[in-house]
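Notes for the structure review
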Amino acid sequence: MKIKLKIQQKIQLFIISASIIIYIVAVGYISFNARKMAYDDAIKITNQHVKETAKDIKAQLDANLYAVIALTDALKVYENFGKDEWQELVHKMYSNVFKENEGIYALWSSWELSKVDPEWTLPYGRISHTFWRENNIIKEQTELRSLDGDSPIYASTKKVLNPSINEPYMDVVSNGSRESLLMTSLKSVVVNKGEFIAVVAFDITLLQFQELVEKIKPYEGSNAFIISNGGLIAGHPNKDLLNQKIEEIFPEDNKTQKISEKVNSGESFSYTSKDENGTETYYTYSPIFIGETNTPWSIAISVPVDTIMATANKNFRISLLVGIIGILLMAVVIAIIGKSITNPLTKITSLLKHLANGHIDEKMRIKIESGDEIEEMADALNSSIEGLNNKVDFANNIGKGDLDHEFELLSTEDVLGQSLLEMRDSLIKADKENNLRKQEDEKRRWLNEGLAQFADILRQNNDNLENLATEIIMSLVDYLKANQGGLFILNDEDKDKIYFNLLSAFAYDRRKYLERHIQLGEGLIGTCAVEKKTIFMTDIPPDYIEITSGLGGASPSCLLIVPMKLEDDVLGVLEIASFNVFEKHEIEFIEKLAESIASTMSSVRVNIQTNELLERSQQQAEEMAAQEEEMRQNMEELQATQEESTRKTAEMEGLVEALNTSSYVIEYDLEGYIQKVNDNYLTLLQLSREEVVGTHHSGNMEFTDEQKTKYDKFWRELMFGKIMKETSKIKIHNKEFVFAETYTPIRNAEGEIYKVLKISNNITDFHKKE
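Residues numbered from 1 in each chain as written. Predicted model: local features only at pLDDT ≥ 70, side-chain atom pairs only at ≥ 80, totals over all residues. Heavy atoms only, no water.

1. A look at the side chain of T184
Relative to the assigned elements, T184 resides in strand β6 (residues 182-192). On the accessibility criterion, T184 (0% relative accessible area) is buried. A distance of 2.6 Å separates a polar side-chain atom of T184 from the backbone oxygen of N166. With near-sequence residues (within four places) excluded, T184 lies in contact with I165, N166, E167, Y169, F202, D203, I204, L206 and W297. (Helix = DSSP H or I, 4+ residues; strand = E, 2+ residues; numbered from the N terminus. Buried < 20%, exposed > 50% of the residue type's maximum accessible area, 1.4 Å probe, protein only. Polar contact = N/O pair within 3.5 Å; in protein donor to acceptor, adjacent residues only side chain to side chain. Contact = heavy atoms within 4.5 Å.)

2. Re the side chain of N229
Tracing the chain through its elements places N229 in the loop between β8 (223-227) and β9 (233-235). Reaching out from N229, the side chain makes a polar contact with the side chain of N264 at a distance of 2.9 Å. Of note is the side chain of N229, whose polar atom sits 3.0 Å from the backbone oxygen of P296. In this structure N229 touches E167, V263, N264, T295, P296 and W297, once residues within four positions along its chain are discounted.

3. So, the sheet that holds strand β15 (residues 517-519)
By way of backbone hydrogen bonds, the strands of a sheet pair with one another, either parallel or antiparallel. With respect to topology, 6 strands assemble into an open sheet ordered β15-β14-β13-β20-β19-β16, the strand pairing being antiparallel. Edge positions in the sheet fall to β15 and β16 (535-537), since each has one partner strand and no second. Mean inter-strand twist for the sheet, computed between neighbouring axes without regard to direction, equals 20 degrees. Two strands pair when backbone bridges link them, and β16 and strand β19 (residues 558-566) are joined in this way by 3 bridges, in the antiparallel orientation. Bridged to I535 within β19 is I561. On top of the sheet, helix α12 (residues 465-479) reaches β13 (484-491), β14 (499-506) and β20 (569-578); it is set at about 55 degrees to β14, its chief contact. Against the sheet, helix α14 (residues 584-662) contacts β13, β14, β16, β19 and β20, and its axis sits at roughly 40 degrees relative to β19. (Pairing = 2+ DSSP bridges. Axes fitted to C-alpha atoms, helices over the stretch in contact; angles between N-to-C directions.)

4. A word on a negative patch on the surface
A cluster of acidic residues, E493, D494, D496, E612 and E615, forms a negative patch at the surface. You can see D496 is positioned in the loop between β13 and β14. Look at D496 and you get exposed, because its relative accessible area is 77%. (Patch = residues over 30% accessible without salt bridge, like charges linked within 9 Å, V, L, I, M, F, W, Y side chains within 5 Å. Areas by Shrake-Rupley, 256 points an atom, 1.4 Å probe, with all protein chains shown as cover. Salt bridge = Lys/Arg side-chain N within 4 Å of Asp/Glu carboxyl O. Lys, Arg positive; Asp, Glu negative; His and termini not counted. Charge placed at Lys NZ, Arg CZ, Asp CG, Glu CD.)

5. What to know about the packing of aromatic side chains
Across all of its chains, the model carries 21 aromatic pairs by this definition. Geometrically, the ring pair formed by Y271 and Y283 is stacked, given 5.2 Å between the ring centres and 20 degrees between the ring planes. Taken together, the residues Y271 in strand β10 (residues 269-274) and Y283 in strand β11 (residues 280-288) connect sequence positions 12 residues apart. When sorted by exposure, Y271 lands in the same class as Y283, which is buried. With a centroid separation of 6.2 Å and an interplanar angle of 20 degrees, the aromatic rings of F737 and F739 are classed as stacked. Pair check on accessibility: F737 and F739 agree, each one buried. Across the ring face of Y154, the terminal group of R126 is positioned such that the distance to the ring centre comes to 4.0 Å. Positioned above the aromatic ring of F98 is the side chain of R133, whose terminal nitrogen or guanidinium carbon lies 4.1 Å from the ring centre. (Phe/Tyr/Trp six-rings, centres within 6.5 Å; stacked < 30°, edge-to-face > 60°. Lys NZ or Arg CZ within 6 Å of the ring centre and 35° of its normal.)

6. Topic: the confidence of the model for the chain
Looking at the chain, the pLDDT average stands at 81 and 91% of residues meet or exceed 70. Confidence drops under a pLDDT of 50 for residues 173-178, and excluding neighbours within four residues, the segment shows 10 contacts in the predicted structure. (pLDDT = per-residue confidence, 0-100.)

7. So, the pairing of strand β22 (residues 674-677)
Regular strands place their side chains on alternate faces of the sheet. As paired elements, strand β21 (residues 664-668) and β22 share 3 bridges and run antiparallel to each other. Residue pairing across strands places I666 opposite V677, the latter belonging to β22. Following β21, the chain reverses through 5 residues before pairing antiparallel with β22; G672 in that reversal takes a positive phi of roughly 95 degrees.

8. Considering the sheet that holds strand β23 (residues 724-732)
A sheet is described by the order of its strands in space; here 5 strands give the open sequence β22-β21-β25-β24-β23, paired in antiparallel fashion. Edge positions in the open sheet fall to β22 and β23, since each of these has one partner strand only. When the angles between neighbouring strand axes are averaged without regard to direction, this sheet yields 30 degrees. Here 5 bridges tie β21 to strand β25 (residues 753-762), and the two strands are oriented antiparallel to one another. Residue pairing for β25: Y668 is matched across the bridge by V756. Most of the contacts of helix α17 (residues 705-719) go to β25, to which it runs at about 120 degrees, and overall it touches β21, β23, β24 (735-747) and β25.

9. With respect to the packing of α12 against α14
Contact geometry of α12 with α14 gives a least axis separation of 11 Å together with a crossing angle of 170 degrees. Comparing the axis directions of α12 and α14 gives the class roughly antiparallel. In this structure, α12 meets α14 at a crossing whose hand is right-handed. Facing α12, whose interface residues are L465, L468, A469, I472, L476 and Y479, α14 presents F589, L593, I597, T600, M601, V604, R605 and I608. (Parallel < 35°, antiparallel > 145°, perpendicular 65-115°, else oblique. Left-handed = near helix turned anticlockwise from the far one by under 90°.)

10. Description of the packing of helix α11 (residues 415-459) against α14
Contact geometry for α11 and α14: axes closest at 11 Å, N-to-C directions at 20 degrees. By the angle between their directions, the pair α11 and α14 is classed as roughly parallel. In this structure, the crossing between α11 and α14 has a hand that is right-handed. The residues of α14 that touch α11, namely those facing K443, W446, L447, G450, L451, F454 and L458, are H585, E586, F589, K592, L593, S596, I597 and T600.

11. Some details on helix α2 (residues 83-100)
With 18 residues, α2 ought to run about 26 Å at 1.5 Å a step, and its terminal C-alpha atoms sit 26 Å apart, in line with that. Inspection of α2 places W86, V90, M93, Y94, S95, V97 and F98 among the buried residues, and these make up the whole buried set. (Expected span 1.5 Å × (residues − 1).)

12. A short note on the nonpolar core
With 52 residues, the main nonpolar core has L71, L75, Y94 and W111 as its most contacted residues. Here this core gets 10 residues from one element, more than from any other, and that element is helix α1 (residues 7-74). Beyond its immediate chain neighbours, meaning those up to four positions away, L75 contacts V90, M93, Y94, W111, V190 and V200. Counting residues in hydrophobic clusters, the runner-up holds 35 residues, among them I489, F582, I587 and V604. (Core = buried A, V, L, I, M, F, W, Y, C linked by side-chain atoms within 4.5 Å.)

13. Quick look at the layout of surface pockets
Considering only enclosed or pocket space, the largest pocket measures out at about 880 Å³ in volume. Lining the largest pocket are 30 residues; nearest its centre among them are H696, H697, G699, M701 and I730. Breaking the lining of the largest pocket down by element, the ones donating at least two residues are β21, α15 (679-685), α16 (689-692), α17, β23 and β24. For the lining of the largest pocket, the leading source of residues is β23, giving 7 residues. Its residues placed into classes, the lining of the largest pocket shows 14 nonpolar, 8 polar and 8 charged. By volume, the second largest pocket amounts to about 740 Å³. (1 Å grid on protein atoms, 1.4 Å probe; cavity = no way out; pocket = protein on both sides within 12 Å on 5 of 7 lines; lining within 4 Å. Points joined across faces, edges and corners; volume = space filled by probe spheres on them. Nonpolar A, V, L, I, M, F, W, Y, C, P; charged D, E, K, R; others polar.)

Structure follows, in structure tokens:
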């Protein structure tokens, strides 16, 4: 069974119940988060506190460690001094450093005796220097130690060649000169070529760190303590725990959390632990990296969890009390507000029922002056009713065909009003589109009829370009209702002089084109051909063109120049002038037609050229028959000439062979080097061709100054083309020969001297007879 409730009852039942539930959840959630945030904030504060403290301790230890390192760096000059000078130098340096650093409890060093005393050769033995304060008085001691061998502790010290810090230790009272304190030593070594020379150390007390940990109290009941790398307590509020092992103080935690291992490796970590009384405590550890040592220490802070949560628990109880009071007040306020809402809503509901039944009337108005959203609701309802009345009126006028009737939207979100306006705009758009479609259909029909008409014209007169051009331009001017037209065709018979010829014109003033041709790139026609683009002008230059009649002449309103292209080649140009401005579809029609005209004219030109070639071929055939007879006669004469040439060549080869057999022939280049030599001469010399070719004419000759002058003159005259003759005596294999030699300059086809030919004849026997 469904229970019907009034708004007032629903408000009291649902809103108050929901508010109580939401309030409880919100308070619970906020309180829980507040507790968690308080805990997290306390953890962050504790962690930050331990890190900052670690930095402070590190800074103090680093300062002392770097002072020791600086001192050892200064002592590396020990090799430059003798033993006594070195002792005096070390004493002064130690004394000055110890006086300037009052925080140092003691300063001591041990030097290998073999490194500072040349007379000591044993691998053990050392010189020890010690400075300390007693009753604010600086005391010192220098002594020899380990003369019988190094102690185990000192032997292990010598193995560490890097700066280091000792584990905490209680200073031993010696002769009543020192008090017992928890201390550590900061050590640095002097090393030479990887070999231990000395160790220098500062002994510092841990009192300053003990005072520091006693002051660290981030929360009530919290404690801070310092742990050395070896796990010894170096500072703690409870002094009884000093110098004790961490695993002895926190055996269970050390076992489960591996405290000693993490401190030794320098890790930051934290954990929560319960003691035997069930008290939960939070521990956080932060490493202290001391200089360049590899033995980090650590500082820890412990905070009882109950202390952290005390404030959060108190805030939770306060939040709970405030929530209960708030819920009671909210219930009263909601009841009052419910009544102020339901009364106006009753009136609005009655009016909406009338609207739901489809009733709209100017009198349907409601007046509510509550000053809140309900008043706005009533005003919005009144505006809606007024808007509906306006929409009804607008729809009635649209239905009557009044598409220009004005209507004002209630707002940019008036969906119904926008729909009505869109409906009116759609009707207006449909009417415009219908008119535009009719215009497009008419243009398309005109275009198709034109293309079909000119397709018939292009099929005719395909054997005469001029007749075809005349028919095209006359029909085109008529079809476009233009006034003048001209068709220019490309003439490229002379590749050096290409121009466009006016093949046909209609209604043109022929005086403008007396020469009937236009150069490529000349004027608008030539520009159109070069750019291969349509030129459409309505602002025509003065005196460019004039349309004339019996009553006079006038400039056209527009000028259209279209290239006739076949693929990418321009074969001609169409020029149309008219008093009427061409429309876009008419320009497109002419451009398409120009392509068809270009294709047809190309075919016509090919046909004409083919006929001309056929006629020329017949004529050339007749000429070739006559030329064949003439060629036959020439061939007979050529054959006779070749036979004569062969005979002369044979005679010349016989002469050369006779010359090579009877004489010694050598060819020289213009520098006097042998290029060729005949076999007869090589046999006489008893040399190979490779040994002779490339040698100079004057090789193995020694000249006096007079002979050198005559020799140079001899070759100069040869270079001028003079034939030279001389008689030479040459001794070959202890036998003397006499040669009659003739030097002849040889010229090439251009008449230039390019080599020298020497012909030698053996006249030894003839010379002996004389």
